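Here's the letter readout for the chains.
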Amino acid sequence: MRTAADFNLYYATPDPWHISHARFRDKVLRRRLKPFIRDKSVLELGCGEGHLTQTTFSKARSVVGIDISDVAITRAKSLGLPNARFECADFLQASFEGYDVIAALECVYFLSFEEQGAFLEKVAKEHPDKILLLSGPIVDYRRHFSHKRLMHEFTTLGFTPLKFFNLSVYWYPPSSRIIAGLIKLPLGHTLLDWIPESMIYQRLYALRAPKRH
Ligand SMILES: C[S@@+](CC[C@H](N)C(=O)[O-])C[C@H]1O[C@@H](n2cnc3c(N)ncnc32)[C@H](O)[C@@H]1O
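An unreviewed UniProt entry lists the protein chain under the name Methyltransferase domain-containing protein, with Bradyrhizobium valentinum given as the organism.

To continue, consider the overall build of the protein chain. Broken down by element type, the protein chain carries seven helices and seven strands. Within the protein chain, the proportion of its 213 residues that are buried is 51%. Contacts spanning at least 24 positions in sequence make up 70% of the contacts within the protein chain whose residues lie at least 6 apart. Of the roughly 10,900 Å² of accessible surface on the protein chain, a fraction of 56% belongs to carbon and sulfur atoms. The protein chain carries 29 positive and 22 negative side-chain charges, and their two centres are separated by 8 Å.

Attention shifts here to helix α6 (residues 147–156). Every α-helix carries 3.6 residues per turn, so stepping three or four residues along brings you back to the same face. All of the buried residues in α6 are H147, L150, E153 and F154. Taken end-on, α6 shows its buried residues confined to a sector of 130°, consistent with a single buried face. In α6, the exposed positions that point more than 90 degrees away from the buried face belong to K148, H152 and T156. At its buried positions, α6 is contacted by α5 (113–126), β5 (131–137), β6 (160–169) and β7 (200–208). Just downstream of α6, G158 is the residue with a positive phi angle, here 90°.

Working definition: an aromatic ring pair is given by the centre-to-centre distance plus the angle between the planes. The final tally for this structure, using the stated rule, is 13 aromatic pairs. Each ring, one from F164 and one from Y205, has its centre 6.0 Å from the other, and the planes form 45°; the classification is tilted. In this pair, F164 is assigned in strand β6 and Y205 in strand β7, connecting sequence segments 41 residues apart. Overall, F164 belongs to the partly exposed group, its relative accessible area being 37%. Overall, Y205 belongs to the buried group, its relative accessible area being 1%. Look at Y170 and Y201: their rings are 5.6 Å apart centre to centre, the planes differ by 10°, and that puts the pair in the stacked class. Of this pair, Y170 sits in the loop between β6 and α7 (176–182) while Y201 sits in strand β7, and the two are 31 residues apart along the sequence. Within the aromatic cluster, the residues linked to one another by ring pairs are F7, Y10, Y11, W17, Y109 and F110. One Lys or Arg, K122, reaches over the ring of F96 and ends 4.5 Å from the middle of that ring. Its guanidinium or amino end placed over the ring of F113, R149 lies 4.0 Å from that ring's centre, counting from NZ or CZ.

Our next topic: the sheet that holds strand β2 (residues 62–67). Reading across the sheet, the seven strands line up as β3-β2-β1-β4-β5-β7-β6 and stay open at both edges, with mixed pairing between neighbours. Two strands in the sheet have a free side with no partner beyond their single neighbour: β3 (84–88) and β6. With strand direction ignored, the average angle separating the axes of adjacent strands in the sheet is 15°. Examined bridge by bridge, strand β1 (residues 41–45) and β2 share five bridges and lie parallel to one another. Residue pairing in the sheet places V42 in a bridge with V63 of β2.

In this section: a nonpolar patch on the surface. Residues I178, L182 and L185 make up a contiguous nonpolar surface patch of roughly 300 Å² in combined accessible area. Note that L185 resides in the loop between α7 and β7.

Here the focus is empty space enclosed by the protein. Going through the model one piece at a time under the given rule, you end up with one cavity of 30 Å³ or more. Taken as a whole, the largest cavity spans an internal volume of roughly 50 Å³. If you go around the largest cavity, the residues you meet are V108, Q116, L120, L134, F145, R149, L150 and E153. If you tally residues by element for the lining of the largest cavity, the top one is α6, at three residues. The class makeup of the residues in the lining of the largest cavity is five nonpolar, one polar and two charged.

A separate point is the site of the ligand. In the vicinity of the ligand there are 18 residues, among which Y11, R25, G46, D67 and L105 approach most closely. The contact in question runs from an oxygen atom of the ligand to an N or O atom on the side chain of D67, over 2.6 Å. Here a nitrogen atom of the ligand sits 3.0 Å away from a polar atom, N or O, in the side chain of D90. When the free accessible area of the ligand is taken as 600 Å², the share hidden by the protein chains comes to 98%.

What counts as what
Residues numbered from 1 in each chain as written. Predicted model: local features only at pLDDT ≥ 70, side-chain atom pairs only at ≥ 80, totals over all residues. Heavy atoms only, no water. Helix = DSSP H or I, 4+ residues; strand = E, 2+ residues; numbered from the N terminus. Buried < 20%, exposed > 50% of the residue type's maximum accessible area, 1.4 Å probe, protein only. Contact = heavy atoms within 4.5 Å. Areas by Shrake-Rupley, 256 points an atom, 1.4 Å probe, with all protein chains shown as cover. Lys, Arg positive; Asp, Glu negative; His and termini not counted. Charge placed at Lys NZ, Arg CZ, Asp CG, Glu CD. Arc of directions from axis to C-beta. Phe/Tyr/Trp six-rings, centres within 6.5 Å; stacked < 30°, edge-to-face > 60°. Lys NZ or Arg CZ within 6 Å of the ring centre and 35° of its normal. Pairing = 2+ DSSP bridges. Axes fitted to C-alpha atoms, helices over the stretch in contact; angles between N-to-C directions. Patch = residues over 30% accessible without salt bridge, like charges linked within 9 Å, V, L, I, M, F, W, Y side chains within 5 Å. Salt bridge = Lys/Arg side-chain N within 4 Å of Asp/Glu carboxyl O. 1 Å grid on protein atoms, 1.4 Å probe; cavity = no way out; pocket = protein on both sides within 12 Å on 5 of 7 lines; lining within 4 Å. Points joined across faces, edges and corners; volume = space filled by probe spheres on them. Nonpolar A, V, L, I, M, F, W, Y, C, P; charged D, E, K, R; others polar. Near = heavy atom within 4 Å. Polar contact = N/O pair within 3.5 Å; in protein donor to acceptor, adjacent residues only side chain to side chain.

Spelled out as structure tokens, the structure:
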């Protein structure tokens, strides 16, 4: 796992991953997440500077955003979002109890494979029979997630995959940039889930955690 100091280095300048420019991802996430989060209490893990809290989780009844970087959390707090509060913590150490939904968007892949397993076990234990929303790159080349490995991990630990949605098209090979451009046209996003898996960069999973034994 990377440390708070590592992530604070990323946050030496605001918006290190250019998240605020990813308007297409915001649009797709808003549409896909809305039915799961509307009027719910949400625990948003790895919330960073609160960009998604503001653009995507505004329909939630309440949001608690957690990030390991105190620099990012200070910026998130300065947004003054009426439905959200923010805490600086390592989410592997935070309590997951008492929320309707846990959202872990683009943050679990920073964990080692062992930590990813421990994370899912923690969700199963502290958030039984409830919704987990998880996203990340599913390209295998950097040993990030792969769809196959994730589905194996989910089902082995008793999670029920409810739905998955594609979020973005991978920029390699260069020819796929044409597709990436096309889906950004009006209504292009409706084609996202029809694009072959080999061309997909990020995917969102909606899962139900196993019931308490
Ligand atoms: C790529 S950013 C994603 C931010 C936001 N979720 C999004 O999708 O726009 C990953 C965030 O996860 C946070 N993070 C990574 N590991 C963490 C951990 N163990 N506990 C809390 N936050 C963590 C990082 O500090 C960073 O802000």
